[in-house]
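Chain residues, written in single-letter form:
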Amino acid sequence: MPLKIAAAKERAAGERRVAIDPSIINKLKQLGLEVLIERGAGSAAQIEDSAYQGVTLIDSASNLYQQADIVLKVQAPTTEEVAQMKAGSVLIGALNPYNNLELIKALRDKKITSYAMELIPRISRAQSMDILSSQAAVAGYKAAIMGADLSTRFFPMLTTAAGTIRPAKVIVIGAGVAGLQAIATARRLGAMVEAYDVRSATKEQVQSLGAKFIELGISAEGAGGYARELTDEEKRKQQEELAKHIASADVLITTAAVPGRPSPKIIPDSTVAGMKKGAVIIDLAAEGGGNCSLSQPGATIEHQGVIIHAPLNVASQVPVHASEMYAKNLLNFLTLMIKNGEYQADFNDEVIAGACLTRDGLVVNEALRKLVEGA
């Protein structure tokens, strides 16, 4: 019998994405897999059950989990969901392991082989599997739209019978995938855009999108394309110099996040105090506590005339395309492990090994094992 691969409706509050998008059904079947979908799994993403052609629709998540050999998830399952899964099955998704130690214990004890997509090594050959990049692109796009929506000013320059309206000034902090997408979208909307990143290598990318690169003379090139943590003196200098630029911004978008760690506080109260009334801050780093010291994750506040918006799970706000991109990331990862319809994971492959958390009743990720065993 073919292996059964399944996606249930996401249970996390506010989650609208789905792990299996109709666009990958035929490719999953070409891998020799039988596809199971819980009824209504795609409803929050405006995907009707009828769009899932050639799959088996299951009436309940518990029934689906009991049949599935491979479970695909957007967000980490609850321990109750794990209890319903088959012993020895495979789980793949964004599992947020360092904040879910009880989940890791449950996966270990049930001998489920689990893979955290966010831990896939960020190497060239794994780019097509990189959910951090695909979902960050969605978030960056949405951040610019949010900024335009909350702003008290037009983004583009307008020439009207009443006179000429100057374009808004948007500053983007962080020129990773999210930041670059925010820059591109703000430019398309007609704003003047400036951007800053501690990695000097991003200057050409910023300029290629038609934005001005803010140079502060501070470099923090780190391993794997990430920025290293700044020294206290570098942080002080960064904040002081940035504050001068930010004071003129109509919209400030911050995207500086460090995976698995709190977001760096690069926008202190004093910088917000120096911004003009009606200015907007979109803090995309809210999942890690936010880049702005005043941000309240999941809330929109006003402080001395400045609107501070700190949204959570932004990619879920664009569920149709976010689901499609995420599902393709999963498909590309699965392709490494499914051979002739059989699950054959090669743990000498750094991509597979890097993402694996639990296997054969053990926590195989060394850093995570120390946390779990010490918890």
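Residues numbered from 1 in each chain as written. Predicted model: local features only at pLDDT ≥ 70, side-chain atom pairs only at ≥ 80, totals over all residues. Heavy atoms only, no water.

Per an unreviewed UniProt entry, the recorded name for the protein is proton-translocating NAD(P)(+) transhydrogenase, and the organism is Thiothrix eikelboomii. The UniProt entry for the protein carries the following comment under Function (unreviewed entry): "The transhydrogenation between NADH and NADP is coupled to respiration and ATP hydrolysis and functions as a proton pump across the membrane." (UniProt positions renumbered as here; feature names shortened; annotations may be inferred.)

A separate point is the domain arrangement of the protein. Splitting the protein by domain gives domain 1 (4–119 + 319–373) and domain 2 (137–312). The gap between the C-alpha centroids of domain 1 and domain 2 is 34 Å. (Domains from an automatic or database assignment.)

In this fold, Asp-349 is placed in the loop between β17 (342–343) and α11 (350–355). Take Asp-349: its relative accessible area is 14%, and that puts it in the buried class. Excluding residues that lie within four positions of it along the chain, Asp-349 makes contacts with Arg-125 and Leu-336. (Helix = DSSP H or I, 4+ residues; strand = E, 2+ residues; numbered from the N terminus. Buried < 20%, exposed > 50% of the residue type's maximum accessible area, 1.4 Å probe, protein only. Contact = heavy atoms within 4.5 Å.)

Our next topic: the environment of Lys-9. Residue position: Lys-9 is located in the loop between β1 (4–7) and α1 (25–30). Lys-9 sits in the partly exposed class, given a relative accessible area of 33%. With 29 residues separating them along the chain, Lys-9 and Glu-38 place their C-alpha atoms 6.3 Å apart. If sequence neighbours within four positions are ignored, Lys-9 has contacts with Glu-38, Gly-40, Ala-41 and Ser-43.

Here 7 strands make up an open sheet; going across it, the order is β11-β10-β9-β12-β13-β15-β14 and the pairing mixed. Here the strands that pair on one side only, and so sit at the sheet edges, are β11 (212–213) and β14 (300–303). Examined bridge by bridge, strand β10 (residues 192–196) and β11 share 2 bridges and lie parallel to one another. The residue of β11 that forms the bridge with Ala-195 is Phe-213. On the sheet, helix α8 (residues 232–246) packs against β9 (169–173), β10 and β12 (251–254) and is oriented at approximately 160° with respect to β9. (Pairing = 2+ DSSP bridges. Axes fitted to C-alpha atoms, helices over the stretch in contact; angles between N-to-C directions.)

Here α8 spans 20 Å end to end across 15 residues, near enough to the 21 Å set by a 1.5 Å rise per residue. Taken together, the buried positions of α8 are occupied by Gln-238, Leu-242 and Ile-246. Down the axis of α8, the buried side of the element spans an arc of 60°, and every buried residue falls inside it. (Expected span 1.5 Å × (residues − 1). Arc of directions from axis to C-beta.)

The 8 strands lie next to each other as β3-β2-β1-β4-β5-β6-β18-β19, forming an open sheet whose pairing is mixed. Two strands lie at the open edges of the sheet, namely β3 (56–58) and β19 (362–363), each paired on one side alone.

The element strand β5 (residues 90–94) is largely enclosed, with a buried count of 4 among its 5 residues. In this structure, strand β4 (residues 70–75) lies alongside β5, joined through 4 bridges in parallel fashion. Bridge pairing in β5 links Leu-72 to Ile-92. Handedness of the crossover joining β4 and β5 through helix α3 (residues 79–84): right-handed. Bridge analysis of β5 against strand β6 (residues 113–116) gives 4 bridges, and the strand direction is parallel. Pairing of Val-90 across the sheet is with Thr-113, part of β6. Running through helix α4 (residues 101–109), the crossover from β5 to the neighbouring parallel element β6 is right-handed. (Right-handed = clockwise from strand over helix to strand, strands pointing away.)

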